[in-house]
Amino acid sequence: MKRTKVIDILKSEDYGKTIVAKGWVRTHRASKVVHFIALNDGSTIHNVQIVADTDKFDEELFKQITTGACLSVEGELCKSPAAGQASEIHAAKIEILGPCPGDYPMQKKGQSFEYMRQYAHLRLRTNTFGAVFRIRHNMAIAIHKYFHDHGFYYFNTPIITSSDAEGAGEMFQVTTLDLARTGKDDHVAYDRDFFGKKTNLTVSGQLEGELGATALGAIYTFGPTFRAENSNTPRHLAEFWMIEPEVAFMDKDELMDLEEDFIKYCVQWALDNCQDDLAFLNKMIDKTLLETLQSVVKENFVRLSYTEGIEILEQAVRDGRKFEFPVTGWGMDLASEHERYLVEEYFKRPVIMNDYPSEIKAFYMKKNPDGKTMQGTDVLFPRIGEIIGGSVREENYGKLLDEIHARGMDESNYSWYLDTRKYGSCPHAGFGLGFERLILFVTGMQNIRDVIPFPRTPKNAEF
Ligand code: ATP
Ligand code: MN
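Since the model is a prediction, treat every value here as computed from it, not as a measurement.

Colleague: Residue-level account of the sheet that holds strand E8 (residues 173-174), with values.
Modeller: Spatially, three strands are ordered E7-E9-E8 in an open sheet, and the strand pairing comes out antiparallel. Unpaired on one side and paired on the other, strand E7 (160-161) and E8 mark the two borders of the sheet. When E7 meets strand E9 (residues 199-201), the two strands line up antiparallel, connected through two bridges. If you follow Ile 160 over to E9, its bridge partner there is Leu 201.

Structural data, given as C-alpha cells:
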C-alpha cells in the first residue's frame, strides 16, 4: 500500500479509511492497554499519533519502538479524542523498518545547539532543524519567485574564478598542483596549473553579475560563495549562499526601494507559508519572533546617511552608552554592535544606511559629488546587523579606472569588467543578500551554523 505523508494524514477527514504512515518515532509511551507512538516523517513539524492496543502486538515489537526508530504503520484513520490533534491512526500492522539503539545521539530532548552541531548528520531529524530547513527551502522558493515575477533573469556566475571580486573576502585557492612540492606562492609555475593561472573559489558573483545586467537588463544570482575569513562569529560562514540582483538604469533611491520591497516580500512569504514551523520556533526559540517578523513587514525602513549614523552614535557615547568597539568618528567602519544599536535601540526599525566614506567601501561604488562618499546602501536588521550590502556602481570609465589605480589594483585583471564601461556604459546598481543571514532572521536562530545543513567554518569541514 502506498504511504500517505503525515502532512496529508493530518489534513484528511477520511475517517475509517485504511492508510499507511512511515516515519521516525519521536516518542513512545504506554499504558496497560494501549501504546501511543508519535511518528514524524519530516513533511511537517507535527507528528501523527499512532494508537496500538497492547494485546494486539508482541512485547518484543514494542521494545523496538524507541525514539529514532523508523516504522511503517498500517491502520485506520480515526477522529482523535485527544486535544490538539484532529486524527490518529489505530494500528493494525506495525513493521520496524530500522531499529534505533539506545546510543542514538538525538534521543534526549533539550540538547544544546553546540552538542547537536557535532551531529549535523542527525540533528536534521529534530523538530527545530526540521523547521529551520523547511523554512530555508521556502525562502529559496520566495526569492526565485520574487525575481521571476519582477522580470529578473536567474544568472549563474562562475564558482571557480580568477577574479578576486574587489577583495570582498579572503579566498580559497583552487589548484591541481601539489603546492607542498612546488614550493611557496611566488615560485609556483601557475602556467602548469589546471587553468594555466591562479584560480580561487568565488567570494562574490557581483562583477560577473554586472556583465549580465548590462545585457539582460536585470539579473540575479543565487549560489554558493566562499570566504576564507577567520572570523569566528555567529554571523560568518566560510561557505555561504548569496543572492545578488543587479539592475541596469537603477539609481540609489530605486535600489533602496528594491532592497526593502524584496526583503519584506521574503519575510511575508515565510509568514504566509511557514506558519506551523514559525509557531514552533516562536514557542521554543524566540518568543518575540512572530512579532519581529510582522513589524519588519509593516514598518518603513529608516533611510539614514552614514554621516547621520555616526552623529547618532557619537551622541549615544556622550550620553553614556558603552560600546565594546570604540566610536572613533567619521570614517570608521561600523561594528555589528553599532549597527544593532541604531536598529534595535535608536530607531527600533530596520535601517538602510547609505553614502558611506569611500575609504571603507569597495572600488566599484559610484562616487557622490562631495568627493568623500559613495553610494553604498547597506540594510541593517535587528538581531543580525548587516543583512544586505548594496550600491550604485560607478559607470564612468575614467573614474572607475582612477579608483582602480588609486587602490593599487592591477588594471589588467579587470579589463573585461572595464569593458562594460567602455562599450555602451549604463548606470546600474545591485546588492548582495547573505541567504543564511536571512534564514537567521526569519527563524530566530542565534548562530549561522544552525541554519545551513553542514556548516563550514575555520577548522570544521565535517561531512
Ligand atoms: P560583514 O561586514 O558582515 O562581514 P561584508 O561587508 O563582508 O559583511 P558583503 O561583502 O557586502 O558583506 O556581502 C554581502 C552580504 O553577504 C552581507 O550583507 C551578508 O549578508 C553576507 N555575508 C558576507 N560575509 C558572509 C559570511 N562570511 N557568512 C555569511 N554571510 C555573509
Ligand atoms: Mn565580511
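Colleague: Would you mind going over helix H12 (residues 397-406) in detail, with residue names and values included?
Modeller: Residue pairs three or four apart in sequence face the same way in an α-helix, which turns once every 3.6 residues. Among the residues making up H12, those that are buried are Leu 400, Leu 401, Glu 403 and Ile 404. Looking straight down H12, one finds its buried side chains confined to an arc of 160°; they lie on one side. The exposed residues of H12 that point more than 90 degrees off its buried face are Asp 402 and Ala 406. Summarising the contacts, the buried residues of H12 are in contact with strand E14 (373-381) and helix H13 (415-422). One side-chain oxygen at the N-terminal end of H12 lies 3.0 Å from the backbone nitrogen of Gly 398; it belongs to Asn 396. Downstream of H12 by one or two residues, Gly 408 has phi in the positive range, about 70°.

Colleague: Tell me what's going on with the packing of aromatic side chains, and back it up with residues and numbers.
Modeller: What the rule picks out here adds up to 28 aromatic pairs. Measuring from centroid to centroid gives 5.9 Å for Phe 113 and Phe 129, while their planes differ by 85°, and the two rings are edge-to-face. Taken together, the residues span a long stretch of sequence, with Phe 113 in helix H3 (residues 113-117) and Phe 129 in helix H4 (residues 127-149) at a distance of 16 residues. Taken together, Tyr 146, Phe 147, Phe 152, Tyr 154, Tyr 220, Phe 262, Tyr 265, Trp 269 and Phe 431 form an aromatic cluster joined through their ring pairs. In this structure, Lys 361 packs its charged tip against the face of Tyr 356, placed 4.2 Å from the ring centre. When the ring centre of Trp 330 is taken as reference, the NZ or CZ atom of Lys 372 above it lies at 4.8 Å.

Colleague: Give a description of the site of ligand 1 that names residues and reports values.
Modeller: Around ligand 1 sit 15 residues in total, of which Glu 229, His 236, Glu 386, Ile 387 and Arg 437 are the nearest. Contact between ligand 1 and Leu 237: a nitrogen atom at 2.9 Å from a main-chain N or O atom of the residue. At a separation of 3.1 Å, an oxygen atom of ligand 1 approaches a polar backbone atom of Gly 434. Relative to its unbound accessible area of 590 Å², ligand 1 is 80% covered by the protein chains. Contributing elements (two or more residues each) for the shell around ligand 1: strand E11 (239-248), strand E15 (385-393) and strand E16 (428-434). Of all the elements, E15 adds the most residues to the shell around ligand 1, at four residues. Tallied by class, the residues present in the shell around ligand 1 amount to six nonpolar, four polar and five charged.

Colleague: Would you mind going over unusual backbone geometry in detail, with residue names and values included?
Modeller: With a phi close to 70°, Arg 383 is a non-glycine residue in the positive phi region. Turning to its location among the elements, Arg 383 is positioned in the loop between E14 and E15. For Phe 463, which is not glycine, the phi dihedral falls at a positive 70°.

Colleague: Mind laying out the state of the cysteines, listing which residues take part and the relevant values?
Modeller: As enumerated under the stated definition, the model contains zero disulfides in all. Just so you know, Cys 274 is unpaired, no disulfide at all, and the nearest cysteine sulfur is the one on Cys 266, 11 Å from it. Overall, Cys 274 belongs to the buried group, its relative accessible area being 3%.

Conventions we followed
- Throughout this description, residue numbers start from 1 for each chain and increase along the sequence as written.
- Note on labels: chains are lettered from A, ligands numbered from 1, in written order.
- Local features are withheld for residues below a pLDDT of 70 in this predicted model, meaning they are given only at 70 or higher, and side-chain atom pairs are given and counted only at 80 or more; totals for whole chains, interfaces and linings count all residues.
- Excluded from the side-chain calculations are hydrogens and water; all other atoms, namely the structure's heavy atoms, are used.
- Pairing between two strands is assigned when DSSP locates at least 2 bridges connecting them.
- Secondary structure follows DSSP: runs of H or I at least 4 residues long count as helices, runs of E at least 2 residues long count as strands, and numbering of each begins at the N terminus.
- Accessibility here uses a 1.4 Å probe with only protein chains present; expressed as a share of the type maximum, an area under 20% marks a residue as buried, one over 50% as exposed, and anything in between as partly exposed.
- In this description, the arc belongs to the directions extending from the helix axis to the C-beta atoms.
- Whether two residues are in contact is decided by their heavy atoms, any of which lying within 4.5 Å being enough.
- In protein, a polar contact means a hydrogen-donor-capable atom and an acceptor-capable atom, both N or O and within 3.5 Å, with residues adjacent in sequence counting only if both atoms are side-chain atoms; elsewhere, any N or O pair within 3.5 Å suffices.
- Ring pairs are drawn from Phe, Tyr and Trp, using the six-membered ring of Trp, whenever the two centres fall within 6.5 Å, and their geometry is named by plane angle: stacked under 30 degrees, edge-to-face over 60, tilted for the rest.
- For a ring to carry a charge above it, either NZ of a lysine or CZ of an arginine must fall within 6 Å of the ring centroid while also lying within 35 degrees of the normal to the ring plane.
- Throughout this document, a residue counts as near a molecule or strand when at least one of its heavy atoms sits within 4 Å of that molecule or strand.
- Residue-level accessible areas treat just the shown protein chains as cover; the underlying method is Shrake-Rupley with a 1.4 Å probe.
- Asp, Glu, Lys and Arg are counted as charged, while Ala, Val, Leu, Ile, Met, Phe, Trp, Tyr, Cys and Pro are counted as nonpolar; the rest, among them Gly, fall into the polar class.
- A pair of cysteine sulfur atoms is labelled a disulfide when the two atoms are within 2.5 Å.

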